[in-house]
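# Fold and contact review
Single-letter residue listing:
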Amino acid sequence: KKALAALKHLANLVVFIVDPTPHAGYTLEQQQKLMETVKARFSVPILVVFNKCDMTKENQLEKAHEVFGKEIQIEGQGMTSQLKEEIAEKVGIKR
């Protein structure tokens, strides 16, 4: 409850991390449903990030894109400058 309260009153951005591997403990559909619940509850931008892309098979990433949308950025070796700019813009940092 405290974490939700902190997000609701303090967060400028929510980073929602998705594990597209079959070992996540939750299906992609369950993770997507949770993301939709978070979206409905909070009025801040939500940045969806796929984790463990370097350990994910191509068909698993394709399925994740089907569930979460094609606009998700995938980078196995850190963030691209485009993603850094997007985060800065969403939290109001002027560069």
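As the structure is a prediction and not an experimental result, all values here were calculated from the model.

This part covers the nonpolar core. Counting residues in hydrophobic clusters, the biggest one holds 15 residues, and the most contacted among them are Phe16, Val18, Met35, Ile46, Val48, Phe50 and Phe68. Elements with a minimum of two residues in this core: β1 (14-18), α2 (28-41), β2 (46-50) and α3 (58-68). Contacts of Phe16, omitting those with residues within four sequence positions, involve Gln31, Leu34, Met35, Ile46, Leu47, Val48, Val49 and Phe68.

The next thing to look at is the confidence of the model for the protein. When the pLDDT values of the protein are averaged, the result is 75; 71% of them are 70 or greater. At the level of individual helices and strands, the protein shows its lowest average pLDDT in helix α1 (residues 2-10), which scores 69, and its highest in α2, which scores 87.

Attention shifts here to the pairing of β1. The alternating pattern of β1 places Val14, Phe16 and Val18 on a buried face and Val15 and Ile17 on a face that is not buried. With five bridges connecting them, β1 and β2 associate as parallel partners. The partner of Val15 across the bridge, within β2, is Leu47. Assessed by its sense of winding, the connection that carries the chain from β1 through α2 to β2 is right-handed.

With that out of the way, let us pick up α2. An ideal rise of 1.5 Å per residue puts 20 Å on 14 residues; α2 measures up with 20 Å between its terminal C-alpha atoms. Along α2, the residues classified as buried are Leu28, Gln31, Met35 and Val38. One face of α2 carries all of its buried residues, which in axial projection span an arc of 80 degrees. Within α2, the exposed residues directed more than 90 degrees away from the buried face are Lys33 and Ala40. The secondary structure elements touched by the buried residues of α2 are β1, β2 and α3.

About the cut-offs
Residues numbered from 1 in each chain as written. Predicted model: local features only at pLDDT ≥ 70, side-chain atom pairs only at ≥ 80, totals over all residues. Heavy atoms only, no water. Core = buried A, V, L, I, M, F, W, Y, C linked by side-chain atoms within 4.5 Å. Buried < 20%, exposed > 50% of the residue type's maximum accessible area, 1.4 Å probe, protein only. Helix = DSSP H or I, 4+ residues; strand = E, 2+ residues; numbered from the N terminus. Contact = heavy atoms within 4.5 Å. pLDDT = per-residue confidence, 0-100. Pairing = 2+ DSSP bridges. Right-handed = clockwise from strand over helix to strand, strands pointing away. Expected span 1.5 Å × (residues − 1). Arc of directions from axis to C-beta.

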